[in-house]
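Structural description and commentary
Single-letter residue listing:
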Amino acid sequence: MRFADLCETFERLEATPKRLEMRSILVDLIRPLRPPDLGRVLYLAQGLLRPEYEGVELGMADSLARRAVATATHTDDSVVAKRTKESGDLGTTTGELLAGVRRLDETTPLRVAEVYSELSRIAEAKGTGSQETKVQILSELLVRASALEGKFLVRFVLGTLRVGVREMTILDALAEAFGDGTKETRRQIEAAFNLCSDLELVAGVLVEKGVEGLTSVSLEVGRPMRAMLAEREKDLAAVLKRMDGRAAFEYKYDGLRVQAHIPKSGPVRLFSRRLEEISAQFPELVEELPRTVRSVPAILEGECVPIDPDTDEIQPFQQVSRRRGRKHDLERVRDEVPVCLFVFDVFLLGGAPVFGRPFPERRALLEKALTPTERVRLAVQRVVTKEEDAQSFFDEAIAAGGEGIVAKSLAEGSAYRAGARGFWWIKYKREYSAGLSDSIDGVVVGGFQGRGRRAGRFGAFLLAVYNPKLDRFESFCKVGSGFDDAQLAEMPKRLHRYEVDERPPEVVTGLTPDRWIRPAVVLEVRGAELTLSPVHRAGLGAIRAGAGLALRFPRFTGRFRDDRSATEATATSELLAMYRSQVRQETPEPTPDAD
Ligand code: ATP
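Residues numbered from 1 in each chain as written. Predicted model: local features only at pLDDT ≥ 70, side-chain atom pairs only at ≥ 80, totals over all residues. Heavy atoms only, no water.

**Structural notes on the overall build of the protein chain**
Of the regular secondary structure elements, the protein chain holds 20 helices and 21 strands. Dimensions of the protein chain, computed from C-alpha atoms along their principal axes, come out at roughly 95 × 55 × 45 Å. The 595 residues of the protein chain split such that 53% are buried. For the protein chain, the proportion of contacts with a sequence separation of at least 24, taken over those separated by at least 6, is 72%. Of the side-chain charges in the protein chain, 88 are positive and 90 negative, and the distance between the mean point of each set is 1 Å. (Helix = DSSP H or I, 4+ residues; strand = E, 2+ residues; numbered from the N terminus. Buried < 20%, exposed > 50% of the residue type's maximum accessible area, 1.4 Å probe, protein only. Contact = heavy atoms within 4.5 Å. Lys, Arg positive; Asp, Glu negative; His and termini not counted. Charge placed at Lys NZ, Arg CZ, Asp CG, Glu CD.)

Next up, the structure:
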């Protein structure tokens with residue numbers, strides 16, 4: 001195919017805002033094409049060279065592209081820069097400049113195959129001298145390009161192509177160009193695409209083997225499958241009802257969704273929800289996964305969340321987003337913010353696809369295949385049939401640092417549905433517009449042995465508020481964050497005189513610390529919000545039967561309240577008032593995603 005023909009189609013696509021018209025232009029474009037041109041055209045139209053998950057980037061900075069344009073059109077770099085400022089787009093300026101340059105008569109027309117391979121060379125150029133190579137390849141293409149071709153070439157390398165063709169429109173066009181255009185054909189094409197995320201592969205199979213051939217497209221290690229998505233319900237009763245009264249409830253961890261591909265040999269690859277490769281961000285998972293999974297090759301899915309290395313508690317999501325930072329910071333952040341992958345599904349095990357099996361079978365396979373470690377664990381799950389159990393599981397999930405629950409269907413038809421949002425999974429979470437503004441003075445009633453850097457001494461403390469009516473100390477959090485080394489070293493000295501072997505009778509809690517401490521030392525803490533918890537006992541039953549209040553993501557402010565005795569700590573009634581005022585700030589769920 002001539003590149004000029006493709007560019008003319010791009011021009012027409014750019015001009016239409018209508019999806020139907022766009023589809024018919026696309027159908028005309030691709031119908032006569034065969035692999036390998038077909039795949040190349042499908043990628044070029046999206047501004048890509050390869051499927052998105054391969055992460056191939058052209059990596060051409062504006063200044064480099066400008067230099068290539070200047071060379072090819074014999075124009076001074078500063079003139080190109082000035083005209084680009086005026087037009088607002090280097091692509092447009094390139095077109096204008098090329099229109100004024102007489103092309104050599106013997107110039108052979110550019111073909112798609114050649115342009116594609118030259119653009120791939122630009123993408124592959126790495127290391128010293130690569131910038132020069134990129135400039136040279138582009139300028140050699142531009143010398144042979146028409147004004148229109150030049151405009152699109154430059155927009156392509158800059159990543160500013162505005163053709164507007166997206167995957168779903170391409171799937172429509174494929175169904176019409178190479179199938180009978182029916183809904184069923186379209187569905188089959190999309191199903192194959194959801195499995196392999198590779199349009200070139202799907203289009204190739206469709207052309208060569210027809211719609212029936214699509215069943216040969218399978219799941220493969222290294223090629224991410226599109227994620228299954230959850231629906232929402234208004235409350236937990238509605239969730240259970242929708243699931244016919246019985247569902248597997250899981251903590252909804254608040255982190256990054258990760259699809260882990262573990263080959264028989266070679267490195268593990270991790271993909272994000274958007275199917276970008278993120279292996280480099282989580283080297284510890286890449287290392288640990290082969291040790292935890294027994295039958296490889298395997299593909300697992302889970303949520304990656306930050307864990308406090310000292311207390312093993314889940315940390316706020318923001319911490320893990322810091323992992324997106326620059327490469328050389330990674331080692332430092334890796335130690336500061338270790339992560340844990342909570343695995344919740346399996347697609348491939350021992351090389352065999354299992355995503356089509358009902359969820360209870362997949363979970364059973366997962367439990368058998370996975371040897372949990374510090375970094376890789378199973379998502380906490382409980383099969384629930386009663387509303388009150390659903391509620392207490394939800395409270396437990398929030399108190400453990402989750403953002404809610406995901407309820408999963410246990411029905412025969414509960415296969416993993418790649419790329420689909422449906423009621424097979426229902427999420428229910430609570431969101432607050434603001435965190436807790438006030439600090440809380442908590443009494444230390446227990447100590448937990450530290451881990452990691454804090455091994456051999458206390459790493460976290462159980463805190464309680466005072467309930468004057470019942471004259472007792474009721475636990476509301478376990479805090480390990482916010483202490484510097486000196487403060488942590490000081491804690492045993494402060495607590496030593498109060499350590500006892502048995503739970504002091506005035507202390508009530510559902511947790512068992514490594515050491516009990518008589519109420520005396522008061523610490524100031526802050527947290528994200530107050531939640532209901534099945535293990536903490538502050539204000540037990542005041543909001544809901546069986547549940548106490550817990551402080552989520554507690555953090556020591558650094559202030560020892562030596563000016564306060566234990567009974568002068570924050571009172572249960574104050575905590576309840578804080579909880580109630582916080583509930584009034586609750587915001588509605590955001591509107592469903594557009595995807
Ligand atoms: P959200 O923004 O609510 O996380 P989303 O649009 O990213 O939603 P949904 O499929 O609607 O995705 O909601 C489920 C999300 O919850 C998943 O994307 C996943 O990242 C996360 N998650 C956390 N824990 C689980 C779990 N146990 N099972 C399934 N998904 C979980």
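**A few points about the environment of T292**
Topologically, T292 is positioned in helix α14 (residues 283-292). The class of T292 is buried, set by a relative accessible area of 1%. Sequence separation between T292 and R377 is 85 residues; the distance between their C-alpha atoms is 9.0 Å. Not counting residues up to four positions away in its chain, the partners in contact with T292 are A369, L370, T371, T373 and V376. A distance of 2.9 Å separates a polar side-chain atom of T292 from the backbone oxygen of L289. (Polar contact = N/O pair within 3.5 Å; in protein donor to acceptor, adjacent residues only side chain to side chain.)

**Re the environment of S78**
With respect to the helices and strands, the residue S78 is situated in helix α5 (residues 77-87). S78 sits 470 residues away from G548 along the chain, and the two C-alpha atoms are 69 Å apart. In terms of polar contacts, S78 uses its side chain to reach the side chain of D76, at 2.6 Å.

**Details of the domain arrangement of the protein chain**
Looking at the assigned domains, one finds that the protein chain contains domain 1 (3-158), domain 2 (167-216), domain 3 (229-433) and domain 4 (440-581). On a C-alpha basis, the centroid separation for the pair domain 2 and domain 4 is 59 Å. (Domains from an automatic or database assignment.)

**A few points about the packing of aromatic side chains**
In this structure the tally under the stated criterion is 15 aromatic pairs. With a centroid separation of 5.9 Å and 80° between ring planes, the pair formed by F344 and W425 is classed as edge-to-face. Here F344 is found in strand β6 (residues 339-349), whereas its partner W425 is found in strand β11 (residues 421-429), with 81 residues between them in sequence. As far as the burial class goes, F344 and W425 line up, both buried. When the ring of F556 is compared with that of F560, the centres are 5.2 Å apart and the planes differ by 55°; the resulting orientation is tilted. Each member of the pair F556 and F560 is classed as buried. (Phe/Tyr/Trp six-rings, centres within 6.5 Å; stacked < 30°, edge-to-face > 60°.)

**Brief notes about the sheet that holds strand β1 (residues 229-232)**
In space, the 5 strands of this open sheet follow the order β1-β11-β10-β2-β9, with mixed pairing throughout. Pairing within the sheet leaves two strands with one partner each, and these edge strands are β1 and β9 (381-384). Adjacent strand axes in the sheet meet at a mean angle of 40° when their direction is disregarded. Here strand β10 (residues 404-408) runs beside β11; their pairing, made up of 5 bridges, is antiparallel. Bridge pairing links I405 to Y428 in β11. Where helix α17 (residues 359-369) meets the sheet, it contacts β2 (247-251), β9 and β10, and its direction lies at approximately 50° from that of β2. (Pairing = 2+ DSSP bridges. Axes fitted to C-alpha atoms, helices over the stretch in contact; angles between N-to-C directions.)

**What to know about α17**
Within α17 the residues assigned to the buried category are F359, R362, R363, L366 and A369. When α17 is viewed along its axis, its buried side chains cluster within an angular range of 135° and face the same direction. (Arc of directions from axis to C-beta.)

**Comments concerning the confidence of the model for the protein chain**
The predicted model of the protein chain has a mean per-residue pLDDT of 91, with 94% of residues at 70 or higher. Of the regions scoring below 50 in pLDDT, residues 586-595 engages in 19 contacts with residues more than four places distant in sequence or in other chains. (pLDDT = per-residue confidence, 0-100.)

**Quick notes on helix α8 (residues 130-143)**
When the terminal C-alpha atoms of α8 are compared, their 20 Å separation across 14 residues agrees well with the 20 Å that a helix rising 1.5 Å per residue should span. For α8, the full list of buried residues reads S130, K134, V135, I137, L138, S139, L141 and L142. Where the residues of α8 are buried, they touch α4 (62-73), α6 (90-99), α7 (112-124) and α9 (147-158). (Expected span 1.5 Å × (residues − 1).)

**As for the packing of α7 against α8**
The interhelical angle for the contact between α7 and α8, taken along N-to-C directions, is 160°, at an axis separation of 9 Å. Judged by the inter-axis angle, α7 sits roughly antiparallel to α8. Where α7 crosses over α8, the two elements pack in a sense that is left-handed. Contact residues: α7 offers V115, E118, R121, I122 and A123, while α8 offers K134, I137, L138 and L141. Per-class residue counts for the contact of α7 with α8 are 6 nonpolar, no polar and 3 charged. (Parallel < 35°, antiparallel > 145°, perpendicular 65-115°, else oblique. Left-handed = near helix turned anticlockwise from the far one by under 90°. Nonpolar A, V, L, I, M, F, W, Y, C, P; charged D, E, K, R; others polar.)

**Regarding the nonpolar core**
Core analysis: the largest hydrophobic core is formed by 73 residues, its most contacted members being I30 and L174. In terms of residue count, the dominant contributor to this core is helix α10 (residues 167-178) (7 residues). For this core, the domains that each give at least three residues are domain 1 (3-158) and domain 2 (167-216). Judged by nonpolar contacts, the second largest core, of 39 residues, contains A230, L240, V305 and C340. (Core = buried A, V, L, I, M, F, W, Y, C linked by side-chain atoms within 4.5 Å.)

**Thoughts on the pattern of salt bridges**
For the structure shown, the criterion picks out 48 salt bridges. Notably, a salt bridge pairs E301 with R257, separated by 2.6 Å at the nearest N-O pair. Remark: R257 occurs in strand β3 (residues 256-262) and E301 occurs in strand β5 (residues 298-306); sequence separation between them is 44 residues. Taken as a pair, E301 and R257 share a single burial class, namely buried. Notably, a salt bridge pairs D345 with R362, separated by 2.6 Å at the nearest N-O pair. You can see D345 sitting in strand β6 and its partner R362 sitting in helix α17, a full 17 residues away along the chain. (Salt bridge = Lys/Arg side-chain N within 4 Å of Asp/Glu carboxyl O.)

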